[in-house]
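Remarks on the overall topology
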Amino acid sequence: QVQLVESGGGMVQSGGSLTLSCTASGDTLKYYPIAWFRRAPGKEREGFSCISIENATYYVEFAEGRFHIVRDNGKNAVYLRMNNLQLEDTAVYYCTATDLSGSAEWDSYRYWGLGTQVTVSS
């Protein structure tokens, strides 16, 4: 089964940008819808962006216009470009995959990486 590994997290000042990577082994991400979740301290984890097999994308309100999810099938990877980062973006970010195609609910994402920490400072 597919195994996911996130990387690219770190510390960034407010207003800065960061790109997260999601790479896979055991299977190719080309065949999976991919979503990014995050969990901030004291908060529930939340899905905020996803990309379909056909590369259609979706963003929740806080991510729209600031975050950009893309595939690179040649590298078997999905990337998340985050711009204009804010203090409230501090969280552990997770790459996830689902077996479902087409429209998928957040609850369908069953494969999870271990996460990568993003810390935004003022």
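Quick look at the structure, then. What you are looking at is a predicted structure, and each value in this text was computed from that prediction instead of being measured. (Residues numbered from 1 in each chain as written. Predicted model: local features only at pLDDT ≥ 70, side-chain atom pairs only at ≥ 80, totals over all residues. Heavy atoms only, no water.)

Re the sheet that holds strand β8 (residues 77-82)
Read across the sheet, four strands follow the order β1-β3-β8-β7 without closing on themselves; strand pairing throughout is antiparallel. What marks the edges here is a single partner per strand, and that holds for β1 (3-7) and β7 (67-72). Strand after strand, the sheet turns through a mean of 20 degrees between neighbouring axes, direction not considered. Looking at chain direction, β7 and β8 are connected through six bridges and run antiparallel. The residue bridging D72 from the neighbouring strand is A77, located in β8. (Pairing = 2+ DSSP bridges. Helix = DSSP H or I, 4+ residues; strand = E, 2+ residues; numbered from the N terminus. Axes fitted to C-alpha atoms, helices over the stretch in contact; angles between N-to-C directions.)

A look at the state of the cysteines
Summed over the entire model, instances satisfying the criterion amount to one disulfide. The disulfide partner of C22 is C95, and the S-S distance across this bridge is 1.9 Å. With the S-S dihedral at roughly -70 degrees, the linkage between C22 and C95 falls on the left-handed side. Separated by 73 residues along the polypeptide, C22 in strand β3 (residues 18-25) and C95 in strand β9 (residues 91-97) bring together distant segments of the chain. Here C50 stays free of any disulfide, with the sulfur of C95 as its closest cysteine sulfur at 12 Å. (Disulfide = S-S within 2.5 Å.)

Focus on the packing of aromatic side chains
In total, this model carries eleven aromatic pairs according to the counting rule given. Both rings, one in F48 and one in F62, keep their centres 5.6 Å apart while their planes meet at 45 degrees; by these two values the pair is tilted. One end of the pair, F48, is in strand β5 (residues 46-51); the other, F62, is in the loop between β6 (57-59) and β7, and 14 residues separate them in sequence. Taking the relative accessible area as the measure of exposure, F48 reaches 0% and is therefore buried. According to the relative accessible area criterion, F62 is partly exposed, its value standing at 24%. Counting every residue linked through ring pairs, the aromatic cluster contains F37, Y58, Y94, W106, Y109 and W112. A cation over an aromatic ring shows up here: R38 above the ring of F48, its NZ or CZ 5.9 Å from the ring centre. (Phe/Tyr/Trp six-rings, centres within 6.5 Å; stacked < 30°, edge-to-face > 60°. Buried < 20%, exposed > 50% of the residue type's maximum accessible area, 1.4 Å probe, protein only. Lys NZ or Arg CZ within 6 Å of the ring centre and 35° of its normal.)

Overview of the environment of D72
Within the element layout of this structure, D72 appears in strand β7. Distance from D72 to T23, taken between C-alpha atoms, is 9.8 Å for residues 49 residues apart in sequence. The residues contacting D72, other than those within four sequence positions of it, are A77 and Y79. A polar side-chain atom of D72 sits 3.2 Å from the main-chain amide nitrogen of G74. (Contact = heavy atoms within 4.5 Å. Polar contact = N/O pair within 3.5 Å; in protein donor to acceptor, adjacent residues only side chain to side chain.)

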